[in-house]
Amino acid sequence: MGLFRKNRTETRQLFPYISEVFGSGVFSAEHNPSVDRVVSKIANSVSILPIRLYTHTRNGRTEAFWNPVSKLLKDPSVEESPVLFWKTLVRQILLTGNGYIFKHRDGNEVLSLELIDPSRVTVKRSPIGRKLFYVSGTRGGQFTDDDIIHIPYTGEGYNGTTGKSPCEVHSNIIRQNDIISEYISIFFNNSVGSRIVLELGDKFEPGSQKLEKLMQELRQYFQAFVTGAQNAGKPMIAPPNTTMKLLEQSSNVQSDTQAIYKASCNQIYGIFNVPPEVLDSSQSKYNSLEQKNQDFLTDALRPLTLHIAECLKKGLVNPEDTNLFLEWDYTALLETDRQKAMDFYGGAFQKGILSLNEARSKLSFPPVDNDIVGNTIWIQSSMIPNTEDNINSI
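Every value quoted in this text rests on a predicted model; they were computed, and no experiment measured them.

Calculation notes
- Residues numbered from 1 in each chain as written.
- Predicted model: local features only at pLDDT ≥ 70, side-chain atom pairs only at ≥ 80, totals over all residues.
- Heavy atoms only, no water.
- Helix = DSSP H or I, 4+ residues; strand = E, 2+ residues; numbered from the N terminus.
- Buried < 20%, exposed > 50% of the residue type's maximum accessible area, 1.4 Å probe, protein only.
- Contact = heavy atoms within 4.5 Å.
- Areas by Shrake-Rupley, 256 points an atom, 1.4 Å probe, with all protein chains shown as cover.
- Pairing = 2+ DSSP bridges.
- Axes fitted to C-alpha atoms, helices over the stretch in contact; angles between N-to-C directions.
- Salt bridge = Lys/Arg side-chain N within 4 Å of Asp/Glu carboxyl O.
- Expected span 1.5 Å × (residues − 1).
- Bend = angle between axes of the 7 residues up to and from the residue.
- Phe/Tyr/Trp six-rings, centres within 6.5 Å; stacked < 30°, edge-to-face > 60°.

A. Up close: the overall build of the protein. Tallying secondary structure elements over the protein gives 14 helices and 11 strands in all. For the protein, the proportion of its 394 residues judged to be buried stands at 37%. Within the protein, counting contacts between residues at least 6 apart in sequence, those at least 24 apart form 62% of the total. With the model as given, the accessible surface of the protein reaches about 23,400 Å², and the carbon-plus-sulfur share is 52%.

Following this line, the structure appears as structure tokens:
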């Protein structure tokens, strides 16, 4: 039997991951909490947005349900759910600078899509300039763009063949954030605030065995009777022949380090074009959630999703079908509370923009069975053309 099966459910993973995408060490920057937070925000937001295939019509556009690509976009992978598939693809693009999708075919029809671990792919150019993909490991080999859809990151670093992750382009910013985070951890683990000073009654030579033995005994004493949750609230008794004093450290280092760390995190959010207010509500400058989501969509999501849609079109749609195009539906992202959504779609129905069933579907209500009532565009009878005959008839 051939490599590609006719039954979509029988298609198998051609490139089982040697190293998983998440937590494998493939992406060094992924272990930075700020990078993971902003990448997860973008990937999670894209993963819940539907992507659809449309065709241009005389009156605008309509969804091309009849085209097999339309069904493929709704359920692209045999093994992963659509949400996991799109989320993983976006993470690959953002963290490695490239996403690679293998097309399982039956003749000219693409039955399913499969993500390839970017660490396994090397891209070169053929003598005539065509991209060649060399995949290492199990079931690897040489492939062309007939087999693989390549989605490079659109930011700085694209060299005409492969993309470069913003993590790599701006690695100095991420390293700086790591250094600040490590400094804060060390600083506060060293018990900033109140410290205990222990004065020894006897004099000891630095480095002497007697001093080393005493220090070991004191460490054991403090672990047993002073530090730890088991000693909370208990009086502290100084070891024999010592004097214990409390040293208060009044310092604004805590507020300063927090401000520096926040500024460093904002720099990381900025390299992914995400407004800091989207991830940190304490910095919010927006009057509404809708306004914040609109900026997030404009700055971060729309450029990325538009690029992904264009790459998918090149790899999935017949070039002769010039009327077809792919587009993400951002409605779920821009909706705020239920009351505003009902007011918006109710107004669209009253103004003749949506039919009753179209408005109800946006609100997750079942359709009205009556075809005339549910699927007809209605207009208010009180609105009439501003003509002389109508004016005279009033």
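B. A look at the environment of Leu72. For Leu72, the position within the fold is in helix α2 (residues 68-74). Between the C-alpha atom of Leu72 and that of Val110, which follows or precedes it by 38 residues, the distance is 8.0 Å. Beyond its immediate sequence surroundings of up to four residues, Leu72 is in contact with Val110, Leu111, Ser112, Leu113 and Leu316.

C. Fine view of the sheet that holds strand β7 (residues 141-144). Strand order in the open sheet made by the 3 strands is β5-β6-β7, with antiparallel pairing throughout. Each of the sheet's edge strands pairs with one partner strand only, and the pair in question is β5 (121-125) and β7. Strand-to-strand twist of the sheet, defined as the mean angle between neighbouring strand axes without regard to direction, takes the value 30°. Sheet topology note: the strand β6 (residues 131-135)/β7 ladder contains 4 bridges and is antiparallel. Note on β7: the bridge partner recorded for Val135 is Gly141.

D. A look at unusual backbone geometry. For Arg139, which is not a glycine, the phi torsion comes out positive at approximately 60°. With respect to the element layout, Arg139 can be found in the loop between β6 and β7. Exposure remark for Arg139: the relative accessible area of 40% places this residue in the partly exposed category. Backbone geometry at Asn273 places phi at a positive 65°, although glycine is not the residue there. Position of Asn273 relative to the elements: it lies in the loop between α7 (253-271) and α8 (276-279).

E. Inspection of the pattern of salt bridges at higher detail. Enumeration according to the criterion identifies 7 salt bridges in this entry. Among the salt bridges present, the one from Arg52 reaches Glu63, with a minimum N-O distance of 3.7 Å. A residue pair is termed long-range when its members are at least 10 positions apart, and Arg52 in strand β1 (residues 51-57) and Glu63 in strand β2 (residues 60-63) qualify at 11 residues. Classification of Glu63 by relative accessible area gives buried; the value is 14%. When the shortest N-O distance is used, the salt bridge between Asp329 and Arg52 registers 2.7 Å. Here Arg52 lies in strand β1 and Asp329 lies in the loop between β11 (324-328) and α10 (331-334), a separation of 277 residues in the sequence. You can call Asp329 buried: its relative accessible area is 15%. When its relative accessible area of 22% is taken as the criterion, Arg52 is described as partly exposed. Connected through salt bridges with shared partners, the residues Arg52, Glu63, Lys74 and Asp329 form a single ionic network.

F. Structural view of the environment of Leu304. Within the secondary structure, Leu304 is located in helix α9 (residues 289-316). Spatially, the C-alpha atom of Leu304 lies 9.5 Å from that of Ile42, the residues being 262 residues apart in sequence.

G. Quick peek at α9. Over its 28 residues, α9 extends only 36 Å from the first C-alpha to the last, a length that falls short of the 40 Å expected when each residue adds 1.5 Å. At Leu301, α9 shows its maximal bend, which comes to roughly 50°, and the proline Pro303 appears one to four places after that position.

H. Structural context of the pairing of strand β3 (residues 98-106). β3 sits mainly inside the fold: 7 of its 9 residues count as buried. One ladder, built from 5 bridges, connects β3 with strand β8 (residues 148-152); its direction is antiparallel. Paired with Ile101 across the two strands is Ile149, which belongs to β8. One ladder, built from 7 bridges, connects β3 with strand β4 (residues 109-116); its direction is antiparallel. Paired with Ile101 across the strands is Leu115, a residue of β4. Between β3 and β4, which follow one another and run antiparallel, lie 2 residues, and Gly107 among them has a positive phi close to 70°.

I. Here's a closer look at the side chain of Ser355. Mapped onto the elements, Ser355 comes out in the loop between α11 (338-350) and α12 (356-362). In this view, Ser355 contacts Phe349, Gly374, Asn375, Thr376 and Ile377; residues no more than four positions away in its chain are not counted.

J. Expanded view of the packing of aromatic side chains. All told, the structure shown has 6 aromatic pairs when counted by the stated rule. Taking 5.0 Å as the distance between ring centres and 90° as the angle between the ring planes, the aromatic pair formed by Phe85 and Trp86 counts as edge-to-face. Its relative accessible area of 0% is what places Phe85 among the buried residues. For Trp86, a relative accessible area of 3% gives the class buried. Ring plane angle 80° and centroid distance 5.0 Å describe the contact between Phe344 and Tyr345, whose orientation is recorded as edge-to-face. A relative accessible area of 55% places Phe344 in the exposed class. Members of the aromatic cluster, joined through ring pairs, are Phe85, Trp86 and Trp328.

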